[in-house]
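An overview of the molecular structure
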Amino acid sequence: MTDYQSNLSEYTLGAYRQARNMDPSSEPLQNILHAVLWKNTVNRDEITIYFDEVPGHVGLEVSHQNDTLTMTAHVPGINHDSTVLFLAEDYLTGMDGVSCEAN
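Residues numbered from 1 in each chain as written. Predicted model: local features only at pLDDT ≥ 70, side-chain atom pairs only at ≥ 80, totals over all residues. Heavy atoms only, no water.

Comments concerning the overall build of the protein
The number of helices and strands found in the protein is 2 helices and 7 strands. In the protein, which comprises 103 residues, the proportion classed as buried is 26%. Expressed as a percentage of contacts within the protein between residues at least 6 apart in sequence, the contacts between residues at least 24 apart total 49%. Looking at the protein as shown, the accessible area adds up to about 7300 Å², and 49% of this sits on carbon and sulfur atoms. (Helix = DSSP H or I, 4+ residues; strand = E, 2+ residues; numbered from the N terminus. Buried < 20%, exposed > 50% of the residue type's maximum accessible area, 1.4 Å probe, protein only. Contact = heavy atoms within 4.5 Å. Areas by Shrake-Rupley, 256 points an atom, 1.4 Å probe, with all protein chains shown as cover.)

Below is the structure:
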């Protein structure tokens, strides 16, 4: 990912599904999504962002009543100046994301 928002983000909190085929699944989201926290490292010389997985549990809760997906994680070193990118990717490899400040 090389968009402007990713360049500003120190961390990425993401949920994705690695599809083995192109058929949509009828399983509950919490059974098929993989949640992960990455520490973003920008290499401006290569114009590349590296995502290093942060060890630990990333919580994933789906509420159909509230139409929400809640992700939680312990983010080491996060402070008021930190930015986090929230990323969702679909099985056709389309993606969307938004970054925000830590507070």
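As for the nonpolar core
Counting residues in hydrophobic clusters, the biggest one holds 11 residues: Y11, L13, A15, L33, A35, L37, V54, V58, M71, V75 and V84. Contributing elements (two or more residues each) for this core: β1 (11–16) and β2 (34–43). The dominant element in this core, judged by the number of residues it contributes, is β1, at 3 residues. When residues no more than four places from it in sequence are discounted, the contact partners of Y11 are L37, W38, K39, N40, V75, P76, G77, I78, T83, V84 and L85. (Core = buried A, V, L, I, M, F, W, Y, C linked by side-chain atoms within 4.5 Å.)

Description of the packing of aromatic side chains
Per the counting criterion, the structure on display carries 1 aromatic pair. The lysine or arginine in question, K39, covers the ring of Y11, its NZ or CZ lying 4.8 Å from the ring centre. (Phe/Tyr/Trp six-rings, centres within 6.5 Å; stacked < 30°, edge-to-face > 60°. Lys NZ or Arg CZ within 6 Å of the ring centre and 35° of its normal.)

Considerations on the pairing of β1
Buried residues dominate β1, accounting for 5 of its 6 residues. As paired strands, β1 and β2 are joined by 6 bridges and run antiparallel to one another. Bridge pairing in β2 places Y16 opposite H34. (Pairing = 2+ DSSP bridges.)

Looking at unusual backbone geometry
Of note, the phi angle at D67 is positive, near 55 degrees, even though the residue is not glycine. Relative to the helices and strands, D67 resides in the loop between β4 (58–63) and β5 (68–73).

Some details on the pairing of β2
By the bridge criterion, 6 bridges tie β2 to strand β3 (residues 48–53) in an arrangement that is antiparallel. In the strand pairing of β3, K39 is matched with D52. Linkage of β2 to β3, two consecutive antiparallel strands, is achieved through a turn of 4 residues, within which I47 is found at a positive phi near 55 degrees.

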